[in-house]
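Here's the letter readout for the chains.
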Amino acid sequence: MDFQMYQQMMEVEDKHWWFVARRSIIEEVIRKLNLPADAEIFEAGCGTGGNLAMLSRHGQVYAMELNEAARSFASDLQLGKIQPGFLPNDIPFADKKFDLIVLLDVLEHVEEDTASLQALSAKLKPSGWLLITVPAYPWLWSKHDDLLHHKRRYMLHNLRQIVGDTGYHVHFVSYFNFVLFPLIAGVRLVQGLFNKGGNEQSMPPKLVNQMLTFLFGIERYLIGRLFLPFGVSLLLLAQRNELTEEPIASLVATSVY
């Protein structure tokens, strides 16, 4: 992404409704994994570091980030060990294997998504988890995707297939950002008709931001309990393919195979 986008991301990540609510949903999923007390967590593509504080509540955090400016913002937080790197060919921390690897709205930026997932599988411990979030539905493509230099948006079935074909056992995959989906989809479709739209990281008015944070954040109580049949984004949880253990109980009901 461009420096201006990273700069704006750093300024709003701790209060913008999308970042705040998404973190709360992701953290709820991580809590259910029962990671060891000394868990080692790797964030592939940490951006300006908005997820590091949340991840550090669950273990020792390592991260990589290609963009120098974003990496500098993240390093200044002093919440983990951060090194330069990119997918699939330059993953740092060569001597480390991790209990959890997260790609939080990263895979859609990567040219080689299949090769990247294969490379990351070698960085997981035998009992390690892979947690991915990506934007959903190619038909939701907007100018915001262009600004963020996205390569693609995913459908549930093709994300599940890509991950399953690259050395993982998919335990759980679901749409999320379900509650606000009709509003967001409607706005984007109208903007597309009139060639409008653009940066969605700008802060809305305070009351609107609070309302959107609440509505999106409700899904931390839904994901893993109810099937969410559509949404603006996708969340997938997987382990290395050789593992045969059952999915964690709280996520069985909405696992989609």
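Up top is the structure.
Rules of the game
Residues numbered from 1 in each chain as written. Predicted model: local features only at pLDDT ≥ 70, side-chain atom pairs only at ≥ 80, totals over all residues. Heavy atoms only, no water. Buried < 20%, exposed > 50% of the residue type's maximum accessible area, 1.4 Å probe, protein only. Helix = DSSP H or I, 4+ residues; strand = E, 2+ residues; numbered from the N terminus. Arc of directions from axis to C-beta. Contact = heavy atoms within 4.5 Å. 1 Å grid on protein atoms, 1.4 Å probe; cavity = no way out; pocket = protein on both sides within 12 Å on 5 of 7 lines; lining within 4 Å. Points joined across faces, edges and corners; volume = space filled by probe spheres on them. Nonpolar A, V, L, I, M, F, W, Y, C, P; charged D, E, K, R; others polar. Salt bridge = Lys/Arg side-chain N within 4 Å of Asp/Glu carboxyl O. Core = buried A, V, L, I, M, F, W, Y, C linked by side-chain atoms within 4.5 Å.

Trainee: Give a detailed account of helix H7 (residues 156-164), specifying residues and quantitative values.
Mentor: Looking at H7, one finds that the buried residues are Leu156, Leu159, Ile162 and Val163. Looking down the long axis of H7, one finds its buried residues gathered within 135° of arc, a one-sided arrangement. Lining the buried residues of H7 we find helix H5 (113-121), strand S5 (124-135), strand S6 (168-176) and strand S7 (233-240).

Trainee: Pulling in residues and values, what's your account of H5?
Mentor: Here H5 has its buried residues at Asp113, Ser116, Leu117, Leu120 and Ser121. Each buried residue of H5 sits inside an arc of 140° when the element is viewed along its axis, so together they form one side. Those residues of H5 that are buried are in contact with strand S1 (40-44), strand S4 (98-104), S5, H7, S6 and S7.

Trainee: Lay out the layout of surface pockets in plain terms, naming residues and giving numbers.
Mentor: In this structure, the second largest pocket encloses a volume near 170 Å³. Every residue lining the second largest pocket is listed: Met10, Glu13, Asp14, Arg23, Thr48, Gly49, Gly50, Ala53, Met54, Phe73, Leu77 and Leu79. Among the residues forming the lining of the second largest pocket, the class breakdown is six nonpolar, three polar and three charged.

Trainee: Describe in detail the pattern of salt bridges, supporting the description with residues and values.
Mentor: Where charged atoms of side chains with opposite charge meet at close range, the side chains can pair. Scanning the entire structure with this criterion turns up eleven salt bridges. Between Asp105 and Arg22 there is a salt bridge; the shortest N-O distance is 2.6 Å. One end of the pair, Asp105, is in the loop between S4 and H5; the other, Arg22, is in helix H2 (residues 17-31), with 83 residues separating them in the sequence. Residues Asp105 and Arg22 agree in their burial class; the two are buried. The network of salt bridges with common partners includes Glu27, Glu28, Arg31 and Arg57.

Trainee: I'd love a proper account of the nonpolar core, names of residues and values included.
Mentor: Phe42, Leu100, Leu103, Leu120, Leu130, Leu131 and Val163 are the most contacted members of the largest nonpolar core, which totals 71 residues. For Leu103, the contacting residues outside a window of four places in its chain are Ala44, Leu87, Leu120, Leu130, Leu131, Ile132 and Thr133.

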